[in-house]
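The primary structure of each chain is shown beneath.
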Amino acid sequence: MKKKIRKISVPGDKSITHRAIIIGSLARGKTRIINPLVCDDTMSTVSAMRSLGITVLKEEKSLTVLGHGINGLKKPSYIIDCGNSATTMRLLMGILSGQEFDSYLTGDESLMKRPMDRVIIPLSQMGALITREGNAYHISGRKLHSINYTMPVSSAQVKSAIMLADLFAERNSVINDPGKSRNHTELMLDYFGKTLKGKKIIIPGDISSAAYHIAETLISPGAEIIIKNVGINETRTGFIDVIRSMGAQVQIKNKKSFANEPVADIHVRNSALYGTSIKNPVIPRVIDEIPLLAVLAAFAEGKTEIRDSSELRLKESDRINSVIQGLKSIGVNVSERADGMDITGTMPEDMQAAEIDSYADHRIAMSFLILTHIIPGLKVKNKECVAVSYPTFFKDFHI
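Residues numbered from 1 in each chain as written. Predicted model: local features only at pLDDT ≥ 70, side-chain atom pairs only at ≥ 80, totals over all residues. Heavy atoms only, no water.

K.L.:
Help me understand helix H1 (residues 14-26), please; the structure alone is not making it clear to me.
P.N.:
Residue pairs spaced three or four apart in an α-helix point in one direction, given the helix's 3.6 residues per turn. The end-to-end C-alpha separation of H1 is 19 Å, in line with the 18 Å expected for 13 residues at 1.5 Å each. Counting buried residues in H1 gives 13 out of 13 residues, a clear majority hidden from the surface. At the N-terminal end of H1, a side-chain oxygen is found 2.9 Å from the backbone nitrogen of Ser 15, two or three residues along, and the residue is Asp 13. (Helix = DSSP H or I, 4+ residues; strand = E, 2+ residues; numbered from the N terminus. Expected span 1.5 Å × (residues − 1). Buried < 20%, exposed > 50% of the residue type's maximum accessible area, 1.4 Å probe, protein only. Polar contact = N/O pair within 3.5 Å; in protein donor to acceptor, adjacent residues only side chain to side chain.)

K.L.:
What is the right way to read the sheet that holds strand S7 (residues 129-133) from this model?
P.N.:
Across a sheet, strands are paired by hydrogen bonds formed along the backbone, either parallel or antiparallel in direction. The 4 strands are arranged S5-S6-S8-S7 in an open sheet whose pairing can be described as mixed. Each edge of the open sheet carries a strand with a single partner, namely strand S5 (80-81) and S7. (Pairing = 2+ DSSP bridges.)

K.L.:
So what exactly am I meant to see when it comes to the environment of Ser 257 here?
P.N.:
You can see Ser 257 is positioned in strand S13 (residues 249-258). Exposure remark for Ser 257: the relative accessible area of 49% places this residue in the partly exposed category. Sequence separation between Ser 257 and Asn 233 is 24 residues, and the spatial gap between their C-alpha atoms is 10.0 Å.

K.L.:
Before we go on, may I ask you to explain the sheet that holds strand S2 (residues 28-34) in this structure?
P.N.:
The sheet built from 4 strands is open, its strands ordered S3-S4-S2-S11 with mixed pairing. The sheet terminates laterally at strand S3 (55-58) and strand S11 (200-202), the two strands that pair on one side only. Neighbour-to-neighbour, the strand axes of the sheet open up by a mean angle of 15°, direction not taken into account. Where S2 lies against S11, 3 bridges are found, and the strand directions are parallel. Residue pairing in the sheet places Arg 32 in a bridge with Lys 200 of S11. Against the sheet, H1 contacts S2, strand S4 (62-68) and S11, and its axis sits at roughly 30° relative to S4. (Axes fitted to C-alpha atoms, helices over the stretch in contact; angles between N-to-C directions. Contact = heavy atoms within 4.5 Å.)

K.L.:
Is there a simple way to think about the pattern of salt bridges in this case?
P.N.:
Oppositely charged side chains can form a pair if their charged atoms are brought close together. What the rule picks out here adds up to 21 salt bridges. Arg 236 is paired through a salt bridge with Asp 13; the nearest N and O atoms lie 2.8 Å apart. Within this pair, whereas Arg 236 is found in the loop between strand S12 (224-231) and helix H8 (238-245), its partner Asp 13 is found in the loop between strand S1 (6-9) and H1, the two being separated by 223 residues in sequence. Residues Asp 361 and Arg 319 are paired through a salt bridge, measuring 2.8 Å at the closest nitrogen-oxygen approach. In this pair, Asp 361 sits in the loop between strand S19 (355-357) and helix H11 (362-369) while Arg 319 sits in helix H10 (residues 319-329), placing the two residues 42 residues apart along the sequence. Accessibility expressed as a relative area gives 2% for Arg 319, which makes it buried. (Salt bridge = Lys/Arg side-chain N within 4 Å of Asp/Glu carboxyl O.)

And the structure:
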C-alpha cells in the first residue's frame, strides 16, 4: 500500500505582507492583497496606515488597501503604536521622514529596546530628524535628499527604510549591502511600477513558517510532507541550503511566480542529519531560522557550529542565550560563543522533558514546540507569543 504524503499550505509571508500594505498605501488606487498573513505584527502595520488616513478593508482571505498616491498620507491625530513589530517601525520611519507633518512612533517594551540607530543614522544623512522622546520616537517631517550609503550590517529593514524614504527625495539613493539581505521591497516596487499604481498581489506561503513543518518532518520517523506554494526567494532560502548540507532530503517542485516573487512546492522526507557549519555568507539568508536550526542540530550526528550570528542577541530576546538555555534543559550538549554556539548531537532517547522558557519570543517558542510530539512531557512557557507571526501554529501542528 502506497504511503500517504501529508500536503499542507502555510500562512502568507510576513515580510511581503508588511510591504504590500505599506506600498499599496503609497500607490494610487486599489490594491487587493490575496493570502496575506493576518497576525499581530502585520495588523500593527494595518493600524499604522489607517492612522495615516488610508482605508484598509479586512476580508476573509484578503486585504484591500485604498491608496491616495505618494503624497496621500495625512497627519496622524495620535501616537502610532507599532506593537512588537520592528518591521513596522523601521519602514514607517523611512516613509514618515519625508512627510510635511510631524508624527510619533511607539511600541511595546520589547520593541522599544530594539536598536533603531541603524535606521535613524542613514535617514538622518538624508535630512531626516528623528529623536527619542520618552517612550516614543518623534519624526519631524522634512525635505529629504538621496545618499550613497554602505550598511555596516546587512539588513533588509534598513535597506527598505532608505528605499521608501528615497521615494520622497530629490534623486536616487545608492545602497551598498555587505551581504545578501531580503529583496522583497525591490521586487515589490518594481511590480507596482514607477508611478506606484494599485495592483492585485498574491502573497506566497512564508518559508519561515514552512521551516517548522520541514524541521518536524526531518526528525519524525517515517514522516513525509509537501508544502504548497511557498516563497523561494533566494534571499530567504538559506534554511534549505543549510539543511541540505546536513543531509536533508528536500525537493523543490512546480516553480512559478507571484508578483515577481518565485514560488514552489517543497517536498521533504524524514532524514538522517549530520552536523554542519553555519556561518557567513549564508547568515543574512537564514537569520530568522537559526534558533530552529540549532534545535535540528541537537538531532544531528556530530557537532554543528553556528558563527557570525551576534545579530541574534538584538532580537525579541537574546536568541543565542534563549536557545542555549532551552537545549541545555532537555539534555543537549551546547556551548556558547559570542557570535553563536556549538551543538553536539544527542540521541532522542537521551533527551528529557523540561519546561522551556520562550522569553515571549515567537521564534524560540515555535522552535521548541515542534519537539512536543517527540519528547513527551515537554512544555514551553509563554507559548501564546507565536501569534506574532504564525497565529494558526497550534492548529496546524495539532498542539
